[in-house]
Structure formats: C-alpha cells, structure tokens
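# A closer look at the structure
One letter stands for each residue in the lines below.
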Amino acid sequence: MYRDQKFGEYCSAEEIFADLKQFSLPMRVVEVSSLTIGMIMYGVLNGLPEALWKELLRQRLDESGFERFNFQEEGPERLTG
C-alpha cells in the first residue's frame, strides 16, 4: 500500500509485483524501495534476524550504486538518503 492505494503484491518467493507509475515517483525511489521490500520479504520468508537482513540490504544497496542511502540509527527506523 502507498497512500492507501494498493500498488503491488507478493506473488511467490521469486516474484513481487509492483506498479508505481500512478504515483510519479522518481526512478531512484522506485529502485531503492524495490530492493528494500524485496530484502524484507526475503528476510521474513527465510526467518532471518533483522540485523542480518539489514546487513544484506546494505550490501545490495552498495552493489547497486545506492551507497548514499543509510539507516537512521535513532527514532523510527527508516531508510534515508
């Protein structure tokens, strides 16, 4: 859900469907959010501890050229960049 509108769904362990076109988000936002939700789903499906899937997400973001995005250490956890 984004702004109370369904934009996608979990289809299987190999597929997540998302259509964010209607929200006119910048491509960088779509790419980072896709990596993030994918890694969260991977962690949940495989029973990974939060610290591990966050480290895997950090690695994937770095490998994909999104090094500037960081996790906020205090307050509500979120990705910032």
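Residues numbered from 1 in each chain as written. Predicted model: local features only at pLDDT ≥ 70, side-chain atom pairs only at ≥ 80, totals over all residues. Heavy atoms only, no water.

### Some points on the pattern of salt bridges
Under the counting rule described, the total for this entry stands at 5 salt bridges. Between Lys6 and Glu9 there is a salt bridge, with the nearest N and O atoms lying 3.3 Å from each other. Classification of Lys6 as exposed rests on a relative accessible area of 53%. With relative accessibility at 41%, the residue Glu9 sits in the partly exposed group. A salt bridge links Arg60 to Glu63; the shortest N-O distance between them is 3.6 Å. Linking Arg60 with Glu63, this pair stays in helix α2 (residues 50-63), spanning 3 residues, or about one helical turn. (Salt bridge = Lys/Arg side-chain N within 4 Å of Asp/Glu carboxyl O. Buried < 20%, exposed > 50% of the residue type's maximum accessible area, 1.4 Å probe, protein only. Helix = DSSP H or I, 4+ residues; strand = E, 2+ residues; numbered from the N terminus.)

### Considerations on the pairing of strand β2 (residues 15-18)
The pairing of strand β1 (residues 8-12) with β2 spans 4 bridges and is classified as antiparallel. In the sheet register, Tyr10 faces β2, and the bridge partner there is Ile16. (Pairing = 2+ DSSP bridges.)

### Here we look at a nonpolar patch on the surface
Residues Tyr10, Ile16, Ile37 and Leu45 make up a contiguous nonpolar surface patch of roughly 350 Å² in combined accessible area. Inspection of the secondary structure puts Tyr10 in strand β1. (Patch = residues over 30% accessible without salt bridge, like charges linked within 9 Å, V, L, I, M, F, W, Y side chains within 5 Å. Areas by Shrake-Rupley, 256 points an atom, 1.4 Å probe, with all protein chains shown as cover.)

### Details of unusual backbone geometry
One non-glycine residue, Asp4, lies in the positive phi region at around 60 degrees. With respect to the secondary-structure elements, Asp4 resides in the segment before β1. Positive phi outside glycine occurs at Ser24, with the angle close to 50 degrees.

### Comments concerning the environment of Arg58
With respect to the helices and strands, Arg58 occurs in helix α2. Overall, the relative accessible area of 15% leaves Arg58 in the buried class. With near-sequence residues (within four places) excluded, Arg58 lies in contact with Phe66, Glu67, Phe69, Asn70 and Phe71. Looking at Arg58, its side chain comes within polar contact range of the main-chain oxygen of Phe69, at 2.5 Å. (Contact = heavy atoms within 4.5 Å. Polar contact = N/O pair within 3.5 Å; in protein donor to acceptor, adjacent residues only side chain to side chain.)

### Brief notes about the packing of aromatic side chains
Within the structure shown, the criterion is met by 1 aromatic pair. Seen in terms of ring centroids, Phe66 and Phe69 are 6.1 Å apart; in terms of plane orientation they differ by 75 degrees. Their pairing is edge-to-face. Phe69 gets classed as buried once you look at its relative accessible area, which sits at 12%. (Phe/Tyr/Trp six-rings, centres within 6.5 Å; stacked < 30°, edge-to-face > 60°.)

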